[in-house]
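Chain by chain, the residues:
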Protein chains: 4
Amino acid sequence: TIEHIFKEIFKASLELQEDDHRKALLVSRKRKPEDTVISVKGTAIGNGSPQYVMGPCSVESYEQVEHVAKAMKQKGLKLLRGGAFKPRTSPYDFQGLGFEGLQILKDIADKYDLAVISEIVNPAHIEEAEQYLDVIQIGARNMQNFELLKAAGKATKPILLKRGMSATIEEFMKAAEYIISQGNEQIILCERGIRTYEKATRNTLDISAVPILKQETHLPIIVDVTHSTGRRDLLLPAAKAALAIGADGVMAEVHPDPAVALSDSAQQMDIPMFDHFMEELKDLQNRIRTEVPVR
Amino acid sequence: TIEHIFKEIFKASLELQEDDHRKALLVSRKRKPEDTVISVKGTAIGNGSPQYVMGPCSVESYEQVEHVAKAMKQKGLKLLRGGAFKPRTSPYDFQGLGFEGLQILKDIADKYDLAVISEIVNPAHIEEAEQYLDVIQIGARNMQNFELLKAAGKATKPILLKRGMSATIEEFMKAAEYIISQGNEQIILCERGIRTYEKATRNTLDISAVPILKQETHLPIIVDVTHSTGRRDLLLPAAKAALAIGADGVMAEVHPDPAVALSDSAQQMDIPMFDHFMEELKDLQNRIRTEVPVR
Amino acid sequence: TIEHIFKEIFKASLELQEDDHRKALLVSRKRKPEDTVISVKGTAIGNGSPQYVMGPCSVESYEQVEHVAKAMKQKGLKLLRGGAFKPRTSPYDFQGLGFEGLQILKDIADKYDLAVISEIVNPAHIEEAEQYLDVIQIGARNMQNFELLKAAGKATKPILLKRGMSATIEEFMKAAEYIISQGNEQIILCERGIRTYEKATRNTLDISAVPILKQETHLPIIVDVTHSTGRRDLLLPAAKAALAIGADGVMAEVHPDPAVALSDSAQQMDIPMFDHFMEELKDLQNRIRTEVPVR
Amino acid sequence: TIEHIFKEIFKASLELQEDDHRKALLVSRKRKPEDTVISVKGTAIGNGSPQYVMGPCSVESYEQVEHVAKAMKQKGLKLLRGGAFKPRTSPYDFQGLGFEGLQILKDIADKYDLAVISEIVNPAHIEEAEQYLDVIQIGARNMQNFELLKAAGKATKPILLKRGMSATIEEFMKAAEYIISQGNEQIILCERGIRTYEKATRNTLDISAVPILKQETHLPIIVDVTHSTGRRDLLLPAAKAALAIGADGVMAEVHPDPAVALSDSAQQMDIPMFDHFMEELKDLQNRIRTEVPVR
């Protein structure tokens, strides 16, 4: 019948349009079929072997960060993250140490041979921040701060882009496209939970976003288990799910003494918990990815 | 200061209240610390070894179900699920074969020594359905159909209770409490995705619900990867995440010829895909749970 | 270009399909352009003059209901609502007086010449309930309890159908279609808020659903300001918005002494508040709909 | 009993904490009970008489904006809004004319004696933008771009702050607090719909946010009916609801020829529709607020 033919044409058109559309995006796997692997001070992200981005929510002092850095070093980790510019809901909450915090991170990274990652919130700071950082983070609240994305697109350092609190996967890819279209192809995507009606967790970890983004884009994707769950008791199970579903890495927060942390005290791990967390994950990693053994 | 003392009392009261509250629930782990293990025709659900509940979305014919049953048998599976009473959004969609469908399931179960699971939607049907079924399913749309829950609570067969489309974890537990408070302690919980703004998947798989429910209740919990993702390409990664995070089982839909299925044709696996799905999951299961080997 | 022609065909097909689809629904305005006006004991719902459905959350006693009935009578209202079968999240909450509660409602309705509305939750109760009720309510939790909808479709009394907690407008219309397709054309739709991430209100009043449903269907639509806001201080402003946007009525809860109510004590109005509420709304109604004066 | 006393103390503590908390905010009505009235080139916003902020989604040309400005002038309106810096989901969409667009707005404002409002997206642009604009808009995507908020807090012009796509009312107030805490007390809040599962509208207009924000803060609040509904056919009903519930103004988009608009063509009004829109709203306004007559 005519109607049937119309439906077929309809479907064909639909697919054509979608094809064109995705092909157009530089982040799309249609544009570049092979995985993008990002090298951060010699550590590869996106090569099939998961990496761990760990550190305190906020940089509070040299001692605090060093404490965490040592624990990470002992576990063979390389990617230290700490917040120096903190986007906080209230103007009266601790706003971070700013460039002084970046300096602390850099000093410790130099001392322990680590790479450092920290969030930048102002387009005007990107250039200066590159002197301190190995990876520039753009946070969830700024995922559609397009001025910041454009500035990040001109940076020479890799960008870790977090998904917005209520961003669709499509919007997330287009935010990455803002960066790549300015010339910076080194982008690490980060799923960090989405806002839903469910309040048992701080956000709802959208674990399915990982395989979708792996299919649709050529970029590495890591999972922030701290902000997606907001619960210390869920960090390990969520990280296991992330590894099993194919994430390129896991991000979590560690603090020498979470009870006195200046931000997010309820969700950071202390050192013994971190040690256990890493042992469990490396054991799982060894079991499920025999081809890429880790120590 | 006074304010500080007040805050301490505040927190103490809060915890006290929450404690009391959870202790009161019969489904709570505070009430029964050890895991509930449910035996379905000799197959244990909830004993640490994951189980697989598979079958077509709708029972369409004897031949269709038998085709799937044979494939399951070859993989050593025991738990066959098929829909006979179909709650469909539109009254003009296929509504299922009803008791005739249950008879088909029972005949095939007898022939192949399988256990059968099917959804019941009317409290008045529960008693009759027990003659056909090994497990009675209560679907997401009926999670707060309290009349149905009460009738299920008087049944002698185990109940598979699916989480409502926008139910909180707390509401989910209280729905299970309706069943257990009527005397039926054999309840399998099923996470099947929640409704969010994200439309890349049919629902958003709330993977964190699994460890939360394992902590809060003593009941087994399985993950329906078909309805949570609604995408054939995500069934396997989602199932891997479910196993890794500690689910007691996985549910998915299989159809001999999904293209002609009377419902949900876009999300069911065909037999070769099912074979691959099971091989991958059993491999993962063997790797991550060495203490419980499976063939 | 070819691509452009394809796009045009695409759009045409899309519209054709949507047209067909909506035309098929019996609740659709395409099927019946003129408004359905429902007469409840001589009171018209859907004729352009808004009506008020008021009463306690739960029927607790004859005295309690009579107290409210008298206050309604004084304001010239006719539509008394009270809950006798209460679908409660926990099995340990007050579950309502059942048929005894319906009897109380009927006795008071007879005495004060009011019409009564109450929720029925079991398909097996519909027939018996018709002896007591002028309108049968189907609650939000049962919007996709299709067995109940089918039973309601065979009733001889009008049905007040509440939107499900996370139902789309399309699902809401199709739930109404279940009723009308069984022969009962007397359906009043009720917007009662949807579940979102925002917790400042109990639900989020989806006020735009009112004009959409007025356009898409020929059925009257009322707004439940109590469950959508869950806050006594928002009942009046929400009701004003409902009248201004074209709702056919407003539903709210009134209790002689909300502080001791057996359910939902935080959101019911007491009598003086109800008096003020009605005066304000009738004043607004007189101002905005001069063609239909009310006393 | 002890438990009861604890509960009472609990409630008291809770209220105390909340009280303190709200009192601390400068935007809170506890801090300043009287309404903040903002004067924009002689037009008062927040004095009980609603105002209308109208204009094209994007500034495309002098002629286009002038066309709208003339229509507004004829209706006695003063507040012209147009987008020059456009935050667009994709980097390949039209990004706006930038400062050239602001110049067009200013020229037309001077010619027709209007006030102009436009969005600024980069903290570094705020100071320069003040030369062109009477009100600086901060858009939904930037509601938690705290660097931008701080810069806005140092501006000498009023700020129109839109609610973030999935911001809670509390987060919205705290975003305003970022501005006021830097010294700028002239803030107009704008409800523009929130992201929910419902896709019949572009966003879900959270109409209840209006009375909540009027209670909690002393700031004027307007409703953007264009972005909350995303549907031309819902602009008028939504605007009526906004006026009835007590909004201080309505914002909507008008374009001389929406079909060729460079952005959001599906939701802008053309001039005849705008004329009808304004007539209907002024009629409603006259009816419901007799004490403040408008022409």
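A word on the relation of the copies chain D and chain A
Point 1. Note on the copies: chain D fits chain A at an RMSD of 0.0 Å, the axial shift is 0.0 Å, and the rotation between them is 180°. Such values leave the two copies arranged in the relation of a two-fold axis. Within chain D, Ser166(D) has its C-alpha nearest the rotation axis, a separation of 3.1 Å.
Point 2. When the interface residues of chain D are mapped onto chain A, 100% of them again lie at the interface, so the same face is used by both copies.

Some remarks on the interface of chain D and chain C
Point 1. In this assembly, 35 residues from chain D lie in contact with 36 residues from chain C.
Point 2. Here chain D and chain C share an interface that buries about 2,700 Å² over both sides, 62% of which is from carbon and sulfur atoms.
Point 3. Among the residues chain D hides against chain C, the three largest losses belong to Tyr197(D), Glu198(D) and Arg287(D). Together they make up 23% of the total.
Point 4. Here Arg163(C) ties to Glu198(D) by a salt bridge, and the two come within 2.7 Å at their closest N and O atoms.

Some points on the interface of chain D and chain A
Point 1. Counting residues at the interface gives 30 residues for chain D and 30 residues for chain A.
Point 2. Surface buried jointly by chain D and chain A totals about 2,500 Å² across both partners, of which 51% is contributed by carbon and sulfur atoms.
Point 3. At the surface where chain D touches chain A, the tally comes to 2 salt bridges.
Point 4. Among the ionic pairs, Glu171(D) bridges to Arg195(A), the shortest N-O distance being 2.6 Å.
Point 5. Put simply, chain D and chain A have 17 residue pairs in polar contact (both at pLDDT 80 or more) between them.
Point 6. Of the residues in the side of chain D that touches chain A, the class split is 12 nonpolar, 10 polar and 8 charged.

Examining the domain arrangement of chain A
Residue and element names in this part refer to chain A.
Point 1. Along its sequence, chain A is carved into domain 1 (1-30) and domain 2 (34-288).
Point 2. Taken over C-alpha atoms, the centre of domain 1 sits 36 Å from the centre of domain 2.
Point 3. Taken together, the contacts link 8 residues of domain 1 with 15 residues of domain 2.
Point 4. For the pair domain 1 and domain 2, the two sides together bury roughly 980 Å², of which 52% comes from carbon and sulfur.
Point 5. Across the pair Arg 29 and Asp 35 runs a salt bridge, and its minimum N-O distance is 2.6 Å.
Point 6. Viewed at the interface, domain 2 and domain 1 are joined by 8 residue pairs in polar contact (both at pLDDT 80 or more).

Description of the packing of aromatic side chains
Point 1. This model, assessed by the stated rule, comprises 12 aromatic pairs over all chains.
Point 2. Each ring, one from Phe85(B) and one from Phe99(B), has its centre 5.2 Å from the other, and the planes form 80°; the classification is edge-to-face. Highlighted residues: Phe85(B) in the loop between strand S4 (79-81) and helix H3 (99-112) and Phe99(B) in helix H3, separated in sequence by 14 residues.
Point 3. With relative accessibility at 12%, the residue Phe85(B) sits in the buried group.
Point 4. Measuring from ring centre to ring centre gives 4.4 Å for Phe146(C) and Tyr178(C), while their planes differ by 25°; the resulting arrangement is stacked. Taken together, the positions of Phe146(C) in helix H5 (residues 146-153) and Tyr178(C) in helix H6 (residues 169-180) put the pair 32 residues apart, joining distant regions of the chain. The same class applies to Phe146(C) as to Tyr178(C), namely buried.
Point 5. Put simply, the rings of Phe85(A), Phe99(A) and Tyr132(A) touch in pairs and so form one group of aromatic residues.

What to know about helix H9 (residues 235-245) of chain B
Residue and element names in this part refer to chain B.
Point 1. Summarising burial for H9: 11 of the 11 residues are buried, a large majority.
Point 2. All of the buried residues in H9 are Leu 235, Leu 236, Pro 237, Ala 238, Ala 239, Lys 240, Ala 241, Ala 242, Leu 243, Ala 244 and Ile 245.
Point 3. One or two steps after H9, the chain reaches Gly 246, where phi turns positive at roughly 105°.

Observations concerning the pattern of salt bridges
Point 1. As enumerated under the stated definition, the model contains 76 salt bridges over all chains in all.
Point 2. Residue Glu66(D) pairs with Lys111(D) through a salt bridge whose shortest N-O separation is 2.7 Å. With a gap of 45 residues between them, Glu66(D) in helix H2 (residues 62-74) and Lys111(D) in helix H3 (residues 99-112) connect regions that are remote in the sequence.
Point 3. For Glu66(D), a relative accessible area of 12% translates into the label buried.
Point 4. Taken together, the shared-partner salt bridges in this structure form one network comprising Arg163(A), Glu191(A), Asp206(A) and Glu198(B).

Observations regarding the relation of the copies chain D and chain C
Point 1. Its rotation angle being 180°, the transformation that places chain D on chain C also includes 0.0 Å of axial translation and leaves an RMSD of 0.0 Å.
Point 2. Interface overlap between copies: 100% of the residues of chain D at the interface are likewise at the interface in chain C, consistent with a symmetric, same-surface contact.

Structural notes on the side chain of Asn184(C)
Residue and element names in this part refer to chain C.
Point 1. Within the secondary structure, Asn 184 is located in the loop between H6 and strand S8 (187-191).
Point 2. A distance of 3.3 Å separates a polar side-chain atom of Asn 184 from the backbone oxygen of Ala 155.
Point 3. When neighbours within four sequence positions are excluded, Asn 184 is seen to be in contact with Ala 152, Gly 153, Ala 155, Lys 157, Ile 159 and Ile 179.

A look at the environment of Leu213(C)
Residue and element names in this part refer to chain C.
Point 1. For Leu 213, the location among the structural elements is in helix H7 (residues 209-216).
Point 2. In this structure Leu 213 comes out as buried when scored by relative accessible area, which is 1%.
Point 3. On a C-alpha basis, the gap between Leu 213 and Gly 139 in space is 18 Å, while along the polypeptide they are 74 residues apart.
Point 4. Not counting chain neighbours up to four residues away, the residues in contact with Leu 213 comprise Ile 169, Phe 172, Met 173, Leu 189 and Ile 221.

A short note on the side chain of Asn145(D)
Point 1. Within the secondary structure, Asn145(D) sits in the loop between strand S6 (135-138) and helix H5 (146-153).
Point 2. With sequence-adjacent residues up to four places away left out, Asn145(D) is seen in contact with Val121(A), Asn142(A), Asn145(A) and Val121(D).

Describing the state of the cysteines
Residue and element names in this part refer to chain D.
Point 1. The tally for this structure, following the rule as stated, stands at 0 disulfides over all chains.
Point 2. Sulfur of Cys 190: no disulfide; nearest cysteine sulfur belongs to Cys 57 and is 13 Å away.
Point 3. A relative accessible area of 0% means that Cys 190 is categorised as buried.

Comments concerning the pairing of strand S10 (residues 249-253) of chain B
Residues and elements named next belong to chain B.
Point 1. For S10, a buried count of 5 out of 5 residues is recorded, marking the element as mostly surrounded by other parts of the structure.
Point 2. Taking every second residue as pointing to the same face, both faces of S10 are buried, with Gly 249, Met 251 and Glu 253 on one and Val 250 and Ala 252 on the other.
Point 3. Taken together, the 5 bridges between strand S3 (residues 51-55) and S10 define a ladder with parallel strand orientation. The partner of Val 53 across the bridge, within S10, is Met 251.
Point 4. Strand direction decides the pairing type here: strand S9 (residues 221-224) and S10, joined by 3 bridges, are parallel. From the neighbouring strand, Ile 222 faces S10, where its bridge partner is Gly 249.

So, the sheet that holds strand S4 (residues 79-81) of chain A
All names here are of chain A.
Point 1. Taken in spatial order, the 8 strands close into a barrel running S3-S4-S5-S6-S7-S8-S9-S10, and their pairing is parallel. Adjacent strand axes in the sheet meet at a mean angle of 25°, parallel and antiparallel pairs treated alike.
Point 2. Pairing of strand S7 (residues 159-162) with strand S8 (residues 187-191), which is carried by 4 bridges, proceeds in the parallel orientation. Paired with Ile 159 across the two strands is Ile 187, which belongs to S8.

Comments concerning the sheet that holds S8(C)
Point 1. Reading around the barrel, the 8 strands line up as S3-S4-S5-S6-S7-S8-S9-S10 (chain C) and close back on themselves, with parallel pairing between neighbours. Strand after strand, the sheet turns through a mean of 25° between neighbouring axes, direction not considered.

Thoughts on helix H10 (residues 271-288) of chain D
Point 1. Given a rise of 1.5 Å per residue, 18 residues ought to cover 26 Å, and the 26 Å separating the end C-alpha atoms of H10(D) matches this to within 8%.
Point 2. Of the residues making up H10(D), those classed as buried are Ile271(D), Phe274(D), Phe277(D), Met278(D), Leu281(D), Lys282(D), Leu284(D), Gln285(D) and Ile288(D). All buried residues of H10(D) project into a common sector of 160° when viewed along the axis, lining one side.
Point 3. Turning to H10(D), the residues buried within the fold contact helix H10 (271-288) of chain C together with strand S3 (51-55), H2, helix H8 (225-229), helix H9 (235-245) and strand S10 (249-253) of chain D.
Point 4. With a side-chain oxygen lying 3.0 Å from the backbone nitrogen of Met273(D), the N-terminal cap of H10(D) falls on Asp270(D).

Some words on unusual backbone geometry
Point 1. Even without a glycine there, the phi angle at Asp264(A) is positive, about 50°.
Point 2. Structurally, Asp264(A) can be placed in the loop between strand S10 (249-253) and helix H10 (271-288).
Point 3. In this model, Lys41(C) sits at a positive phi of 50°, which is unusual for a non-glycine residue.
Point 4. Within the secondary structure, Lys41(C) sits in the loop between strand S1 (38-40) and strand S2 (43-45).

Section: the pairing of S3(B)
All names here are of chain B.
Point 1. Burial analysis of S3 places 4 of its 5 residues in the buried class, the great majority of the element.
Point 2. Relative to S4, S3 runs parallel, the two sharing 2 bridges. Considered in S4, the bridge of Val 53 is made with Leu 79.
Point 3. Tracing the backbone out of S3, into helix H2 (residues 62-74) and back to the parallel element S4 gives a crossover that is right-handed.

Cut-offs applied
Residues numbered from 1 in each chain as written. Chains lettered and ligands numbered in written order. Predicted model: local features only at pLDDT ≥ 70, side-chain atom pairs only at ≥ 80, totals over all residues. Heavy atoms only, no water. Least-squares fit on C-alpha atoms with pLDDT ≥ 70 in both. Contact = heavy atoms within 4.5 Å. Buried area = accessible area lost by both parts, 1.4 Å probe. Salt bridge = Lys/Arg side-chain N within 4 Å of Asp/Glu carboxyl O. Polar contact = N/O pair within 3.5 Å; in protein donor to acceptor, adjacent residues only side chain to side chain. Nonpolar A, V, L, I, M, F, W, Y, C, P; charged D, E, K, R; others polar. Domains from an automatic or database assignment. Phe/Tyr/Trp six-rings, centres within 6.5 Å; stacked < 30°, edge-to-face > 60°. Helix = DSSP H or I, 4+ residues; strand = E, 2+ residues; numbered from the N terminus. Buried < 20%, exposed > 50% of the residue type's maximum accessible area, 1.4 Å probe, protein only. Disulfide = S-S within 2.5 Å. Pairing = 2+ DSSP bridges. Axes fitted to C-alpha atoms, helices over the stretch in contact; angles between N-to-C directions. Expected span 1.5 Å × (residues − 1). Arc of directions from axis to C-beta. Right-handed = clockwise from strand over helix to strand, strands pointing away.

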